[in-house]
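The primary structure of each chain is shown beneath.
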Amino acid sequence: MSDWKNNIDLKRLPRHIAIIMDGNGRWAKQQGHLRIFGHENGVKSVREVAEGCAELGVEYVTLYAFSTENWNRPKDEVDALMSLLVTTLKGELETLNKNNIRLRAIGNIDSLPEKCAEELKDTMKKTEQNTRLNMVLALSYSSYWEITEAVKKIATDVKNNNIKVDEIMPETITANLNTAGFPNPELMIRTSGEHRLSNYLLWQMAYAEFYFTDILWPDFRKKDLANAIIDFQNRERRFGKTSEQIAAEQTQ
Ligand code: FPP
């Protein structure tokens, strides 16, 4: 039987996949619709990816749903995205629990409209016991914001004598990011043919493999997720070492 996940090596899965869901506006325009129609159809792809990651055994998937810079979009579009988020969260709660998926969020959640922040917190609370997949929404998120907040927290710790300047390590920064406790993303997927990071998980993706596809987000399906994972599994990840060192480690 041919299955979308047939060619994936389940023993070498990325533990964490980060996704930039791009191309909703263009997809809608191609069909002669308003941009929000693209976002609405993008929810279907979110569902496919969550289901796919859960089926495979990926532990974390982080979706760039709204960036700090997205606040600069026309008010109508921002409002429509926020209400789409509320209706989606309400509508998906049962499915999240049925599939043992925990919803989490990173970003400046307090900057979201009150209704949106409340719905988000409520869904996170009602799914916090789930253990199969962590579905992380990046909302009002940017790495510049996140790293600035981390620097402020560490500076405060120094001021309060909780830590000395010389004791600050890369791990100190990692522990003060919104993603504290998450494994770093090993694979980053961006749809719609754009080859940029757009202020996304810059610290966490220092060693991530990048996968770019021309597919627009509302067309992204499980087989496309599989193609990205297969591509990832065909790469040699060296972390600064030589090919020979990596080969020797694999035969040990
Ligand atoms: C980028 O496409 C997409 C966004 C800024 C929003 C993504 C939101 C969703 C998929 C729906 C809500 C998600 C959840 C988790 C409920 P774009 O608008 O930049 O497209 P364009 O580059 O073609 O203009």
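Structure: see above.
The notes below deal with the structure included here. Everything numeric in this text was worked out from a predicted model, so none of it was measured.

1. Details of the sheet that holds strand β1 (residues 16-20)
Think of a sheet as strands paired side by side through backbone hydrogen bonds, with each pair either parallel or antiparallel. Overall, parallel pairing links the 6 strands, which are arranged β3-β4-β2-β1-β5-β6 in an open sheet. A strand with exactly one partner marks an edge of an open sheet, and here the two such strands are β3 (101-106) and β6 (209-212). Adjacent strand axes in the sheet meet at a mean angle of 20° when their direction is disregarded. Where β1 meets strand β2 (residues 60-67), 5 bridges bridge the pair, whose relative direction is parallel. Paired with Ile20 across the two strands is Tyr64, which belongs to β2.

2. Here we look at the site of the ligand
As a matter of local geometry, the ligand sits amid 17 residues, with Met21, Gly25, Arg26, Arg35 and Arg73 nearest to it. A distance of 3.1 Å is found between an oxygen atom of the ligand and a side-chain nitrogen or oxygen belonging to Asp22. Between the ligand and Arg73 there is a distance of 2.8 Å, counted from an oxygen atom to a side-chain nitrogen or oxygen. Here the ligand, which alone exposes 630 Å², has 91% of that area covered by the protein. Applying the majority rule of atoms within 2 Å of the grid points places the ligand in the largest pocket. Elements that contribute at least two residues to the shell around the ligand include exactly α1 (24-30), α2 (35-56) and α3 (75-98).

3. Looking at the side chain of Glu77
When you line up the elements, Glu77 lands in helix α3. In contact with Glu77, not counting residues within four places along its chain, are Arg35 and His39.

4. Examining the packing of aromatic side chains
For the coordinates displayed, the defined rule picks out 9 aromatic pairs. Ring geometry for Tyr60 and Phe182: centres 4.9 Å apart, planes at 35°, overall tilted. Residue Tyr60 is located in strand β2, and its partner Phe182 is located in the loop between α6 (170-175) and β5 (187-190); the two are separated by 122 residues in the primary sequence. With a relative accessible area of 10%, Tyr60 lands in the buried category. By relative accessible area, Phe182 is classed as buried at 13%. Linked through ring pairs, Tyr64, Tyr141 and Tyr200 together constitute an aromatic cluster.

5. As for the pairing of strand β4 (residues 133-141)
Among the 9 residues that make up β4, 9 are buried, leaving the element largely enclosed by the rest of the structure. In this structure, β2 lies alongside β4, joined through 7 bridges in parallel fashion. Within β4, the position partnered with Val61 by the bridge is Met135. Across 6 bridges, β3 lies against β4 in parallel orientation. Looking at the pairing, Ile101 lines up with Leu133 of β4. A crossover links β3 with its parallel partner β4, the connecting element being helix α4 (residues 114-126), and its sense is left-handed.

6. Observations regarding the environment of Lys115
One can find Lys115 in helix α4. Considering only alpha carbons, one finds Lys115 and Val86, 29 residues apart in sequence, at a separation of 7.6 Å.

7. Digging into helix α7 (residues 222-233)
Between the first and last C-alpha of α7 there are 16 Å, a value that for 12 residues agrees with the 16 Å anticipated at 1.5 Å per step. What α7 keeps buried is the set Lys222, Asp224, Leu225, Ala226, Ala228, Ile229, Phe232 and Gln233. Packing partners of the buried residues in α7 comprise β1, α2, β5 and β6.

8. A few points about unusual backbone geometry
In this structure, Asn100 is a non-glycine residue whose phi angle is positive, near 60°. Within the secondary structure, Asn100 sits in the loop between α3 and β3. Given a relative accessible area of 27%, Asn100 falls into the partly exposed group. Unlike most non-glycine residues, Ser140 shows phi in positive territory, near 50°. Mapped onto the elements, Ser140 comes out in strand β4.

Reading guide: rules and limits
Residues numbered from 1 in each chain as written. Predicted model: local features only at pLDDT ≥ 70, side-chain atom pairs only at ≥ 80, totals over all residues. Heavy atoms only, no water. Pairing = 2+ DSSP bridges. Helix = DSSP H or I, 4+ residues; strand = E, 2+ residues; numbered from the N terminus. Axes fitted to C-alpha atoms, helices over the stretch in contact; angles between N-to-C directions. Near = heavy atom within 4 Å. Polar contact = N/O pair within 3.5 Å; in protein donor to acceptor, adjacent residues only side chain to side chain. Areas by Shrake-Rupley, 256 points an atom, 1.4 Å probe, with all protein chains shown as cover. 1 Å grid on protein atoms, 1.4 Å probe; cavity = no way out; pocket = protein on both sides within 12 Å on 5 of 7 lines; lining within 4 Å. Sits in = over half its atoms within 2 Å of the grid points. Contact = heavy atoms within 4.5 Å. Phe/Tyr/Trp six-rings, centres within 6.5 Å; stacked < 30°, edge-to-face > 60°. Buried < 20%, exposed > 50% of the residue type's maximum accessible area, 1.4 Å probe, protein only. Right-handed = clockwise from strand over helix to strand, strands pointing away. Expected span 1.5 Å × (residues − 1).

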